Each structure stands twice: as structure tokens, then as C-alpha cells.
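Structure at a glance
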Amino acid sequence: MPLQQVAPVLSNIQIAEGIFLLTLESKEIAQLARPGQFVNIRSTDGSLPFLRRPFSISHVHEDSIDLMFNIVGQGTRMMASRRVGDTLDVLGPLGKPFGYEAHFETAILVGGGLGVAPFPLLTRYLKKHSKKITTFLGARTSRHIVSTNLENIQIATDDGSSGFHGTVVSSLESYWGSHALPGPKIFGCGPTPMLRALSETAQKLHIACELSLEGDMACGVGLCQGCPVETTKGERKYALVCIEGPTFNCNDIILR
Amino acid sequence: MPLQQVAPVLSNIQIAEGIFLLTLESKEIAQLARPGQFVNIRSTDGSLPFLRRPFSISHVHEDSIDLMFNIVGQGTRMMASRRVGDTLDVLGPLGKPFGYEAHFETAILVGGGLGVAPFPLLTRYLKKHSKKITTFLGARTSRHIVSTNLENIQIATDDGSSGFHGTVVSSLESYWGSHALPGPKIFGCGPTPMLRALSETAQKLHIACELSLEGDMACGVGLCQGCPVETTKGERKYALVCIEGPTFNCNDIILR
Amino acid sequence: MVKESFTLRGVEFKNRVLVASGTFGYGNEVKELVDVNLLGGICTKSLSWKPRDGNPPRRIVETPSGMLNSIGLANVGVEYFIREKLPYLRTVETVIIANIAASSLQEYGDVLSLLEKQEGIDGYEINVSCPNVKEGGLSFGTDCAKTKEITASLRRRTEKPLIIKLTPNVTHISEFARAVQEAGADAISVINTVVGMAVDIHKKKPKLSTVTGGLSGPAIKPIALAKVYEAAQVVSIPIIGIGGIMTAEDALEFLLVGATAVQVGTANFIDPSTGVKVAEGMRSYAERYGVSDLGQLVGAMESNKEFSVLQSWL
Amino acid sequence: MVKESFTLRGVEFKNRVLVASGTFGYGNEVKELVDVNLLGGICTKSLSWKPRDGNPPRRIVETPSGMLNSIGLANVGVEYFIREKLPYLRTVETVIIANIAASSLQEYGDVLSLLEKQEGIDGYEINVSCPNVKEGGLSFGTDCAKTKEITASLRRRTEKPLIIKLTPNVTHISEFARAVQEAGADAISVINTVVGMAVDIHKKKPKLSTVTGGLSGPAIKPIALAKVYEAAQVVSIPIIGIGGIMTAEDALEFLLVGATAVQVGTANFIDPSTGVKVAEGMRSYAERYGVSDLGQLVGAMESNKEFSVLQSWL
Ligand SMILES: Cc1cc2nc3c(=O)[nH]c(=O)nc-3n(C[C@H](O)[C@H](O)[C@H](O)COP(=O)(O)OP(=O)(O)OC[C@H]3O[C@@H](n4cnc5c(N)ncnc54)[C@H](O)[C@@H]3O)c2cc1C
Ligand SMILES: Cc1cc2nc3c(=O)[nH]c(=O)nc-3n(C[C@H](O)[C@H](O)[C@H](O)COP(=O)(O)OP(=O)(O)OC[C@H]3O[C@@H](n4cnc5c(N)ncnc54)[C@H](O)[C@@H]3O)c2cc1C
Ligand SMILES: Cc1cc2nc3c(=O)[nH]c(=O)nc-3n(C[C@H](O)[C@H](O)[C@H](O)COP(=O)(O)O)c2cc1C
Ligand SMILES: Cc1cc2nc3c(=O)[nH]c(=O)nc-3n(C[C@H](O)[C@H](O)[C@H](O)COP(=O)(O)O)c2cc1C
Ligand code: FES
Ligand code: FES
């Protein structure tokens, strides 16, 4: 059950090149949030943008939540300019959490760029459920890597400045060839092209795989029908990312 | 000749109930500005409002200008939220200055509410030209009075909490009856109903009178024809407040 | 106590703020966030005979103070609606308006007649901004004769309130307003979305999969007000004002130009309780100005008739 | 070096960004703020035969991401223009387009013919969003036959570029585009302002003295793009895209949907050098994407034709 709140900014700091960690006070959302869920944010003053913007809940504390973002447009620029004491209007937690309780032994977390955002909270829940964890992170360069509160990290960078030189999905494939990851399940998050590649890899390697999708949203709560993703399920052509996702079994959807 | 500049906020403080004094760095505008001129302001980030907002140049320093405002809507709310180090986009100085050099002996400054805004700079120029000055200020209560850098102040408040109990125009009339103000010329600024009353008083008492008008503007530079004021001049029905004003001889215009 | 209610063909609306079709799902999506019983009414997502998948992504684009959508009338279809959605709506204590979309006169009639047999529907709103499949896909709503024909035909099938929702994408909306009044409509909703588009200059493609879409939100409020005002000059049936309403002030503008009630659309995406807040704010305004019945505000704008003819001297 | 220029009936424009009529005065108001020689062209404020006082205040209202105006075509009249404004414009090194507004066919012809005799006018843009006094004040621009008649009649009077500026306030702008092309127009400007209004809920009066006015600014950009796109489907003459352009990205959207050039309007009120910056930004875009001639972008949007028919399934 989501809430709508005016949440004070507790801190807003740059944690890697162009990447911000924003902590918002909200005991209620912190308590309700499950990994993979998101909040929908707008400004409380007159500043742009017009619609809310969705962000994964990255981590939660006693009475606050962390969001991780980089500046891509009006919304994230507005968020980056918020200082301690300012407020943001938050709607959440929204969406279907990751299936962290399912029957598996090793969680393989695969994050491309800001796709790492939901992993700190997911890691906490996986540990609580005594799952083994290996985390694959992909970033442009070593300066774009965020790895706090994660476990067993394998890094890939586009420019080879740290870890594997290449995409995060190829780093997973190469690792898989030489390491045993018993009872695996992939949890993927990142840009759509990366998720598409990850989905193919998972199917090829016969690993269960859940993806958290990005995509345009207007409402985030199922009112507008604005966030379709094509399904493989037959009876309905599209599912709604905001309420039936953002996490989906990779076999249930078609990413274009 | 106006300039368009991104001007850093040097200070932004509340100086009376709901009234802010904003100091913007701009050596160029500070040097060009004459009393009665204004600047047209917009935000440099993505915050509202859409159009610029006009504000009288209240005072100038070596390399900065002062604006005085209270919060009435989106634009002034945005301005009130600006802190030291933020910037604003400023276009100015604009408009026709007050006729402070004209042939007169005593300047009678009459300001209603924020109409006091242009008077500090006007006072400096009047003194430079060795004019005598008497200043009439009207405010809602004693808490709404701003009187720094002014001379010979007569206060009127709506609630009688300070000075004359009544409007600033009636305070002027009552003062006029019992004091000699040789070679007088009125400089008026404030809301339109007050200017209308002042104009009538000036005509009744046969005192020369210049008014600085408020009014809706889009461009502030004569491009849009959006700021007409009715003239008495015959050949043209309207004058443009932004370039032919904002200061007008009260006999030349009709305030409705 | 301010009187907020109004009546349409015997159906009483507890206040003058409804939520607009397509912007409030089937009413149950946000029941935990909003007390929907405080709304004047709920217009359902447009219902067609068969379920519709809707258009491919991308369906939503933000624009300055607004958004474009090309949802493609994605909906569960009238049968599923009756089975799965209507039971909840029956429990809600507000007026339920079924919005109907169709691609033929026949389909409009079929959907309405099936709904007629159900409990819990208080009235109908007819979305005529749909392609007329027989006539090559041109919208019914831009064809005055067709709009009138749909109205007349549906009028014969129901004694419940029949509201025709007009498109703004026509030269003279007043012609359409007059035509549907003549054909027996009980009210008109003004406006549906304005045709618009946006382009991705990097991909050199339209942002929406369908090239053009419908513009909504505060950007269109001035247009919507002018359309309501234009329609109000020629019809005596109530007008429901729609377009860019975010606040009670916005809603009051619509009442003053001639709307009997309003619908809140896009604003629900930003704050699903906008409708409730708007109703509240209208109450405060009435109290502040000593208005005992909000109905007194309908069309109460004083205006300088001398200038209406100058409309185009912009 | 990116080729930025284009030619219209023998007149070369140095780049594809003009400033729109009514938003840049007569070109001399901001000459200290902007180097107008860097513009592709200047469209003058609409000129009528006699000077026009314009409408009473209030003429300007800000709206979400836009503004309403009801200037009432306040202008100095064509004779004063020729005497007092044209001499300066002759010194400017860019194309000067005289925009003409009138209340009768006769007046359009008279103004154009007088301008024909002058040096320094490179072409004409005809504002048809004016009330046709003979026909009770209804706008010429919403009457396709009248618009065509004006075009044909002015065509006979000039060999210079003749641009007809279309109003968006019609059901199918493509009909108007086709008609004026047939009547001999060299180009069309799309769009003029959209009819809109705003109400002061405290005074219970329209905010504009004329009740309705013209909406402009970013709010209408999606509408303008859709109108240009619609017109581009049916005409082969160049289209000049107008509506809500604030940045080079906005201008590029217009080129991609089919505009040969653009005009910057309302943005000039916020930053009078917007036009110059837009031209600059288009150059950078071309360089970044290796486009050697901006003309290659005109109509270069790939679009899914399959969906154009679905336009109204919103
Ligand atoms: C469920 C969900 C969770 C998300 N979690 C995070 C997160 O934790 N951290 C984070 O940084 N981002 C996250 N995103 C993406 C985030 O919502 C967008 O980056 C944000 O909306 C951009 O807003 P903006 O106003 O700054 O940019 P805009 O001005 O809206 O867009 C700038 C550019 O980015 C593109 N764009 C905008 N939004 C998206 C999108 N959702 N997908 C692809 N392209 C887009 C636009 O087309 C445009 O080209 C998430 C998205 C979803 C749907
Ligand atoms: C030449 C000139 C000089 C000015 N100098 C000053 C100054 O020094 N200090 C100062 O505080 N203000 C000054 N003003 C007025 C100032 O421009 C407005 O208060 C400001 O534009 C309000 O912007 P906003 O976005 O906060 O309010 P908005 O949201 O624009 O308006 C809020 C309310 O105020 C009304 N309003 C807005 N602008 C005006 C106006 N110009 N006249 C009358 N009513 C208006 C609106 O109709 C609305 O009801 C000046 C105006 C002009 C034309
Ligand atoms: C995402 C979305 C979906 C819509 N779907 C429908 C619909 O199914 N049927 C309909 O009649 N109107 C539909 N509309 C139009 C709205 O009901 C409303 O008329 C329009 O959005 C203008 O109001 P607004 O500016 O408050 O949103 C839709 C609007 C949006 C934004
Ligand atoms: C204040 C104002 C005055 C205008 N005057 C004229 C005019 O005299 N003649 C004309 O053809 N168009 C006029 N227009 C319309 C603009 O030229 C332009 O078509 C319209 O504003 C849309 O572009 P924009 O959104 O970039 O402003 C005017 C627009 C504004 C805002
Ligand atoms: S974002 Fe509105 S339904 Fe998903
Ligand atoms: S404000 Fe534009 S002409 Fe005066």
C-alpha cells in the first residue's frame, strides 16, 4: 500500500562521477519498502518537471530511504539541486518487488550503470534469507562505480579502467565459464539494451532471471496505461510496468 | 542600453514582514542604472515562472544592485528561495528614469507598499542634484515599513500602528495643508488605485507629478505591445509602459 | 454549508468534481491513496466491445506543462469490465459514468445496451474521438453529422444521463455542441485531448509510436476554457469542463465560463487525490465569497460582449 | 562548414531561423541586445493600412508554459512604417518579410501594393487570423475559400515571395495548406496562435479585455508540430514552422516533421537573442551528426505510416 508524503532531504551527496545518493526522511516508506520497488518523485516547490519521476528504492534505514541517480534531464537536475532541509513529494513504495524469497541458492546480481540502484536493499533481503550472492557491476569507467553495501563484486568497465574490459553481461558470461554458482538466479537491472542481452544470456545458460525494467511512466500506479511492456503470455499483449512490474521474469516479456 | 546577464545572488534577506531585499552582482547594470528604471528577471535553472518579472532597481552599489519585493506568486516565490551563490538571469536597466534633474526644488516621494522600492536610488540622485526631499510612505502596519536610505520620512499605516492612520495619499494631503514644501514635484510609485488617488491629489493641488506604473509585461523591451497605458495625448491612444515609461507625467496618462 | 451538488437527468452528483476517463483506471487502482467517495463522480476508462491491447510503446511523452498520450484506448472490454470491475464500483458511493469508445455506430450501441442491463452504472459518457473504421479512420468527433447520429441513436437506447464528450480539434465546437443538444444529449464534456506530437531529434523518429497523440494537462487549460466558453454561448444543457485542471482555482475558471461541473484528468497522475482537493478548495472559495450554492457560479463571468466578435484580432 | 541557407522564390535566407511577426517589433527595439544580422530573417509586426491602437489592457496573461495575448494588432500603419521603420530595416543584412493584416480583401491588396513600391522588403507574410469585417468578424483564416481568394489576389500583385500564415484553429489545416498552394503561395507559415482564455476568479472577469486571445509558447509546441506534419503530407511548397520554439532542439523537431525553416516568437520576450542561439545550436547539431546541409533534415523523420490513420485512437 503506497503513501504520498512530503519528505525532507536528509542528505544529498555525490558518490561517484555524476552519481548522487539522496536520502529522504520517511519512516513509513522505509518500513514498507521491499527490494525492487520504486518511488515516484516530484518537486514540492514550483520547479519543473511536470510529471513525477520514478526511482528505485536503493536502500532503507530506520526512518529514511536512499535513492541513487545521475543527471539526465530536468527531473534529475532538480533533484540534484535539493539540499538538506528542502523537501520532495514522494509516492511509494510502488511496484512488485524482486522474488528474493524464491527457491534458489545463489543470487547473481547484474547491474548496468545506475542499474545498481536497487541492489543494496536487495542484498540485505537476500542475506536475511541466507542466499549466496555474487554481484556484477558494469560502468563506463572506474570513476562511475558504486559498490557500497554489496557483496562479492565483479566489476566490468567499458574502458577497462577497472576489472573486466567490456560489458557487464559479457563479464558474467566469462565468469560463468570458470566458476560454480550453485542454484543460480539472476536479478538484472539497467538500460533496456543491457537487459535484452542479459535476458538472452540467461536463456542460453538456462538460468532463472528476473529483470527490473526502466521505461516511461506517467502515474506509476496503474491509472494511465502509459507503461506497457510486451508479454509472451498470449492472452494479453502488454503488461503494465508500474504495477505488474517493474520486475518481471525474463521469459514473460519481450524487450524491444 | 540594456544588458542581459547571469547575475550571482550576493545576499537575499527579509527586511520587513514578508519583504525581501535581494542583492545581485552586476557592475555593468549598477553603473548604467538611473532611478525609476527596472530590471526583468527570470530563473537560470528550470524553475518557474515562464516569463520574466519586472522589478524596480531599488539601489545600486559599486558592483551590485538591490531589488525589493514581497511574495505574491510564482516568480517572487522563486526569487525568495534564491540563496547566496545562486544566480538569476537579469535584463536591464530598462525603461525611462524619473525626471530627477527637472526644474523643481522639493521632491515629494510618495510610495505605497512596495512602491518604496525605487526611492533609495532616487534619493541618492536627488541629493546629488541638491534637491530637498520629503518622503511619504504607506504600509499596512508598522511591520511592513522599509525606510532605509530615505530622507524626511512621513509614515502612514492602514491600521494606525505607526504614523498617520490612513492612506499615504491622505497623509500627504494632510501634511500639505500645514507645511511649506517650496517648488514641489511629486514622485509616486505603488499600486494603481493609489497612483490614481495621488494623481487626483496632485492635479487638485497643482503640483507636478511623475508616476512609476506597475502593470503586466511580457518582454519589457518594446517587442510585444503587451503593456499599454492610456494616454491623454490624442494622436495615440496608448503608450507602452516598458519603454515610454514606467515613469510618466501624471497629466499624460489615464489610469483605469 | 455550501450546496455543492447538482443533478443531471435525475442523477444527483454530490459535488461538481469528477475524475476524467482514462486517468483514473476503473476506480480501484488508487483506493488506498484516495477516498473516492469524496468525488462527485468517476468516469471509467473508455470501454469498447472487445478488450483492446492499446498502442505499442512509447505511449507517453512529457511536454511543457503537459503530456502527450497515445494509449490506444487500451481497455479490458465491456464484458470483463462488468464481471471484474463493476462489482467494486457498485460499492463506491459516488456517481459512476461508463465512458464508451467504439469504431462503429453499431459498436457504440452494443456496448451501451449491454451496460444498460447492469446495476451500478449511473450514466454514460460517449468518447467520439475514435476513428470511424467505415470512413477510413477519420475521427467520428470531427464530423458533426456523425456525432449527431451517434447521439440520437444512443439516446433511443437509454433513459440514463447521456453525456457526449467533444473533441477540441474542430473549427467551431459550438456547432457540435448545438448538434448533440438537438439530438437529445443531456450534457457535453469539453474537451478531450488536443492533437499533438513530439520528435526525438537524435533517433529522427516521432516519440510516440503512433506519430501523433493527445495533448493534455495545464498547457491546454486556456484552450479548454475557450472551448467551454464557446459552447456555453449556444447550448442550454450542462457542460462538464475538462482540460488541465490542477487546482480549485482552475476548476472555478471553468464554472465561471459556463461549466456546470468539471473533470480532473492528467493531474491524477501527479496526485491521485487532486479531484478531492479541488472539491475541497471550491468549497473554501464559496465560503470565502459567501456563495451558498456553487451553481450560482456557473456562467457567472461578467464579460465584455463587445469584444467577442474581435476574437481573432490577436 | 554546414550549409544553412535556403532560397524562396529567388530570395536567399542565410539561415533557417526567422523571428516571428509581433514578437520582434520592427527589428530596431533590441538592436543593442542582439546582432540581428545573424538571423535568417525578420517578420515585421503585422501592418495594416491605418495605424491601429490595439486592444485595451489587459493584453498579456501568463499561462502554464505559455502566454495569451490580445494585442489587437496594434501597429503604426503601413505609411508610418515605410517612413520611420523601413529605413533602419534596409540597413540590416537579413531578409525582411513584411507581415500584413487587414480586415478586407481590398485592404490586404492596398497594403501590399504600397509596400511593393518600396525598397527593402524581400517578401510578404499574410496574417489571415484577422476578422473579416464584411462577414461579421469571423476570421478569414478559418474560411478556406476566403483564404484561397486572398492568396490568389495578392499573388497577382507581387513577384516577391508570398507566404500565407495559417491559423491552427481549424479542423484540417491540410485543406488550407493545399488551397493556398493552389492559389500560388510560395510558402506557408504554420502556426499562428491558438485561441484560448483565462479567467480572474476573484473579479469574475476574463483576464484579457477581449475575453479570448491567442495562446503561444512551449505549451503549443506539440500542437504546432502536429499541424506542420499534417500540412507537410499534402503540400510541396516550403513550410515555415512556428510555435513554442525556445531551443535548437525544438527547431530541429520542426525541420524533421517537414518545416524548411522556423520562426521564433514568444521566446524573444524571455531572451531576444533566442533566434540567434537557435541558429547556432542547429549548426552544432549538424556538425555533431555530420549533416552537411540543414536542408537534408527537412522532413527526414522516419515514421510509421501505418499509424497515421490511428491518429484519433487516443
Ligand atoms: C521503475 C524505475 C526505476 C528507476 N530507477 C532509477 C534509479 O534508481 N536511478 C536512476 O538514475 N534512474 C532510475 N530510473 C530512470 C529515471 O526514472 C529517469 O532517469 C528519470 O525519469 C529521468 O528524468 P529527467 O527528468 O532527469 O530526464 P528526462 O528529461 O525525462 O529525460 C532525459 C533523457 O532520458 C530519457 N529518459 C528519461 N526517462 C527515461 C527512462 N525511464 N528510460 C529511458 N530513457 C529515459 C529521455 O527520453 C531523455 O532523452 C528508473 C526508472 C523506472 C521506470
Ligand atoms: C516596472 C515595474 C516595476 C516593478 N517593481 C517592483 C518592485 O520593485 N518590487 C515588487 O515587489 N514588485 C514590483 N513590480 C511588480 C512585480 O513585477 C510583480 O509583483 C511580480 O511580477 C509578481 O510576480 P509573481 O510571479 O510573484 O506573481 P504572479 O503569479 O505573476 O501574480 C500574483 C498576483 O499578482 C498579480 N500581479 C502580478 N503582477 C502584477 C503587476 N505587475 N501588477 C499588478 N498585479 C500583478 C497577478 O494578477 C496575481 O493576482 C513591478 C512591476 C513593474 C511593471
Ligand atoms: C493517458 C490518458 C488517457 C485517456 N484516455 C481517455 C479515454 O479512454 N477516454 C476518453 O474519453 N478520454 C480519455 N482521455 C482524455 C481525458 O479524459 C481528458 O479529456 C483530457 O486528458 C483533458 O483533461 P486533462 O488536461 O485534465 O487531462 C485520456 C487522457 C489521458 C492523459
Ligand atoms: C504578443 C504577440 C503578438 C503577436 N502578433 C502577431 C502579429 O501581429 N501578426 C502575426 O501574424 N502573428 C502574431 N503573433 C503570432 C506569432 O507570430 C506566432 O505565430 C505565435 O506566437 C506562435 O509562435 P510562438 O509560440 O513561438 O510565440 C503574435 C504573437 C504574440 C505572442
Ligand atoms: S505509469 Fe501509469 S499505468 Fe503505469
Ligand atoms: S512589455 Fe512588451 S512591449 Fe512593453
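Residues numbered from 1 in each chain as written. Chains lettered and ligands numbered in written order. Predicted model: local features only at pLDDT ≥ 70, side-chain atom pairs only at ≥ 80, totals over all residues. Heavy atoms only, no water.

Digging into the overall build of chain A
We count it as follows: A helix here means a DSSP run of H or I that spans at least four residues, while a strand means a run of E at least two residues long, and both kinds are numbered starting from the N terminus. Between the two quantities, the radius of gyration covers C-alpha atoms and the globule rule is 2.2 Å times the number of residues to the power 0.38. Accessible area is worked out with a 1.4 Å probe on protein chains only. A residue is then buried under 20% of its type maximum, exposed over 50%, and partly exposed in between. Residues are treated as being in contact if the distance between any of their heavy atoms lies within 4.5 Å. Computed by Shrake-Rupley with a 1.4 Å probe, the accessible areas treat only the displayed protein chains as cover when residues are assessed. None of His or the chain ends enter the tally, which takes Lys and Arg as positive and Asp and Glu as negative. Where a charge lies is defined by one atom per residue type, namely NZ (Lys), CZ (Arg), CG (Asp) and CD (Glu).
A count of helices and strands for chain A gives six helices and 17 strands. Taking 256 residues into account, the globule formula puts the C-alpha radius of gyration at 18 Å, and chain A, at 17 Å, falls close to it. Considering only C-alpha atoms, chain A reaches an extent of 55 × 45 × 30 Å along its principal axes. By residue count, 57% of the 256 residues in chain A fall in the buried class. Contacts in chain A between residues at least 24 apart in sequence constitute 63% of all its contacts with a sequence separation of at least 6. Split by element, the accessible area of chain A, about 10200 Å² in all, is 49% carbon and sulfur. In chain A, the 23 positive side-chain charges and the 23 negative ones have mean positions that sit 1 Å from each other.

Some remarks on the site of ligand 2
Residue and element names in this part refer to chain B. What counts, and what does not: We call a residue near a molecule or strand whenever a single non-hydrogen atom of that residue lies within 4 Å of it. Under this definition, polar contacts are N or O atom pairs within 3.5 Å; protein pairs additionally need one hydrogen-donor-capable and one acceptor-capable atom, and for neighbouring residues in sequence, both atoms have to be side-chain atoms.
Taken together, 20 residues surround ligand 2, and among them Arg53, Pro54, Met68, Gly75 and Thr76 come closest. One nitrogen or oxygen atom from the main chain of Gly73 is found 2.9 Å from an oxygen atom belonging to ligand 2. For ligand 2, whose unbound accessible area comes to 870 Å², protein coverage reaches 73%. For the shell around ligand 2, the elements supplying multiple residues, two or more each, are strand 4 (53-56), strand 6 (64-70) and helix 2 (74-80). Counting residues per element, the shell around ligand 2 draws most heavily on strand 4, at four residues.

Focus: the packing of helix 6 (residues 248-257) of chain D against helix 8 (residues 274-288) of chain D
Residues and elements named next belong to chain D. Heads up, the condition is: Every angle, taken between N-to-C directions, lies between 0 and 180 degrees, and every axis is a line fitted to C-alpha atoms, over only the stretch in contact when it is a helix. In what follows, roughly perpendicular refers to angles from 65 to 115 degrees, roughly parallel to angles under 35, roughly antiparallel to angles over 145, and oblique to any angle outside these ranges. By the definition used in this description, the sense in which the near helix is turned from the far one sets the handedness, with an anticlockwise turn below a right angle giving left-handed and a clockwise turn giving right-handed. Under this grouping Gly is polar, as are all residues other than the nonpolar Ala, Val, Leu, Ile, Met, Phe, Trp, Tyr, Cys and Pro and the charged Asp, Glu, Lys and Arg.
At their nearest, the axes of helix 6 and helix 8 sit 8 Å apart, and the two run at 70 degrees to each other. Taken as axis vectors, helix 6 and helix 8 run roughly perpendicular relative to one another. Judged by the sense of rotation from one axis to the other, the crossing of helix 6 with helix 8 is right-handed. Two secondary-structure elements touch here, helix 6 through Ala248, Ala251, Leu252 and Leu255 and helix 8 through Val278, Gly281, Met282 and Tyr285. Classifying every residue of the contact of helix 6 with helix 8 gives seven nonpolar, one polar and no charged.

Considerations on the site of ligand 3
Taken together, 25 residues are adjacent to ligand 3, and Ser21, Ser46, Lys165, Gly244 and Thr266 of chain C come closest. One finds residues of chains A and C in close proximity to ligand 3. Gly265 of chain C is positioned such that a nitrogen or oxygen atom in its backbone is 3.1 Å from an oxygen atom of ligand 3. Taking Thr266 of chain C, its side chain carries an N or O atom lying 2.6 Å from an oxygen atom of ligand 3. Contact with the protein chains removes 99% of the 610 Å² of surface that ligand 3 exposes when unbound. Here the shell around ligand 3 is built from residues that sort into eight nonpolar, 15 polar and two charged.

Brief notes about the sheet that holds strand 9 (residues 162-166) of chain C
Residues and elements named next belong to chain C. Just so we agree on the cut-off: Two strands pair if DSSP finds at least two bridges between them.
The strand order around the closed barrel built from eight strands is 3-4-7-8-9-10-15-16, with neighbouring strands paired in parallel fashion. Strand-to-strand twist in this sheet, taken as the mean axis angle between neighbours without regard to direction, amounts to 25 degrees. Bridge analysis of strand 8 (residues 123-127) against strand 9 gives four bridges, and the strand direction is parallel. Paired with Ile126 across the strands is Ile164, a residue of strand 9. The strands touched by helix 4 (residues 173-182) are strand 9 and strand 10 (187-190); relative to strand 9, the strand with the most contacts, the crossing angle is about 165 degrees. Running at roughly 170 degrees to strand 15 (residues 239-242), helix 5 (residues 221-232) makes contact with strand 10 and strand 15 of the sheet.

Examining the interface of chain D and chain C
Rules: Two parts placed together each lose some accessible area; with a 1.4 Å probe, that loss summed over both constitutes the buried area. Whenever a carboxyl oxygen of Asp or Glu lies within 4 Å of a side-chain nitrogen of Lys or Arg, that contact is scored as a salt bridge.
Facing the 73 residues of chain D at the interface are 73 residues of chain C. Roughly 6200 Å² of surface becomes buried between chain D and chain C when both sides are summed, with 67% attributable to carbon and sulfur atoms. Here chain D and chain C share zero salt bridges between them. In this assembly, chain D and chain C are joined by 12 residue pairs in polar contact (both at pLDDT 80 or more). Those elements giving two or more residues to the side of chain D that touches chain C turn out to be strand 6 (66-69), strand 11 (194-197), strand 13 (205-206), strand 14 (212-216), helix 5 (221-232), helix 6 and helix 8 of chain D. Along the lines of polarity and charge, the residues of the side of chain D that touches chain C split into 39 nonpolar, 26 polar and eight charged.

As for the domain arrangement of chain A
Residues and elements named next belong to chain A. Rule in force here: Throughout the structure description, domain borders are defined by an automatic or database domain assignment.
As assigned here, chain A comprises domain 1 (3-94) and domain 2 (106-212). Here the C-alpha centre of domain 2 lies 24 Å away from the C-alpha centre of domain 1. With 16 residues of domain 1 at the contact, the number on the domain 2 side is 14 residues. Three residues, Glu17, Pro35 and His59, lead the burial of domain 1 against domain 2; their summed loss comes to 38% of the area buried on that side. Counting every contact that joins domain 1 to domain 2 gives one salt bridge. In this structure, Glu17 engages Arg143 in a salt bridge whose closest nitrogen and oxygen atoms are separated by 2.6 Å. Only strand 1 (3-16), strand 5 (59-61) and strand 6 (64-70) provide two or more residues apiece to the side of domain 1 that touches domain 2. Here the side of domain 1 that touches domain 2 takes three residues from strand 6, the largest share from any one element. Partitioned by chemical class, the residues of the side of domain 1 that touches domain 2 number nine nonpolar, five polar and two charged.

Thoughts on the pairing of strand 10 (residues 153-157) of chain A
Of the pairings in the sheet, the one linking strand 9 (residues 132-139) of chain A to strand 10 of chain A comprises five bridges and is parallel in character. Note on strand 10 of chain A: the bridge partner recorded for Phe136 of chain A is Gln154 of chain A.

Here's the deal with the pattern of salt bridges
Tallied over the full model, the rule gives 48 salt bridges over all chains. Taking the shortest distance from any N to any O, the salt bridge between Glu230 of chain B and Arg256 of chain B comes out at 2.6 Å. A residue pair is termed long-range when its members are at least 10 positions apart, and Glu230 of chain B in strand 14 (residues 228-231) and Arg256 of chain B in the segment after strand 17 (253-254) qualify at 26 residues. By relative accessible area, which is 14% here, Glu230 of chain B ends up buried. One salt bridge in this structure joins Lys277 of chain D and Asp271 of chain D, with 2.5 Å as the shortest N-O distance. A cluster of three or more residues bridged by salt bridges with shared partners is formed by Arg9, Arg155, Glu159 and Asp186 of chain C.

Topic: the nonpolar core
To be explicit about the condition: What makes a nonpolar core is a set of buried Ala, Val, Leu, Ile, Met, Phe, Trp, Tyr and Cys residues whose side-chain atoms join them at distances within 4.5 Å.
Counting residues in hydrophobic clusters, the biggest one holds 273 residues, and the most contacted among them are Leu115 and Ile126 of chain C together with Leu115 and Ile126 of chain D. If we ignore the near neighbours within four places in the chain, the residues touching Leu115 of chain D are Leu47, Val78, Phe81, Ile82, Ala98, Ile100, Ile121 and Tyr124 of chain D.

Some details on the side chain of Asp186 of chain D
Residues and elements named next belong to chain D. Tracing the backbone through its elements, the reader meets Asp186 in the loop between helix 4 (173-182) and strand 10 (187-190). Looking at Asp186, the relative accessible area reads 12%, which means it is buried. Among the polar contacts made by the side chain of Asp186, one reaches the side chain of Arg9 at a distance of 2.7 Å. Engagement of the side chain of Asp186 in a polar contact is seen with the side chain of Arg155, the distance being 2.8 Å. If we ignore the near neighbours within four places in the chain, the residues touching Asp186 are Leu8, Arg9, Arg155, Lys160, Pro161, Leu162, Ile237 and Pro238.

Here we look at the pairing of strand 8 (residues 123-127) of chain D
All names here are of chain D. Note the cut-off: Clockwise travel from the first strand over the helix to the second, with the strands pointing away from the viewer, marks a crossover as right-handed.
Counting buried positions over the five residues of strand 8 gives five, a clear majority of the element. Residues Gly123, Glu125 and Asn127 line one face of strand 8 and the alternating positions Tyr124 and Ile126 line the opposite face, and both faces are buried. By the bridge criterion, four bridges tie strand 7 (residues 95-100) to strand 8 in an arrangement that is parallel. Considered in strand 8, the bridge of Ile97 is made with Gly123. Note on the crossover from strand 7 through helix 2 (residues 105-116) to strand 8: the handedness is right-handed.

Overview of the arrangement of the chains
Contacts are most numerous, across the four pairs of chains in contact, for chains C and D. With respect to C-alpha atoms, chain B approaches chain C no nearer than 10 Å, and the pair has no contact. The closest approach of any C-alpha atom in chain A to one in chain D is 10 Å; the two make no contact.

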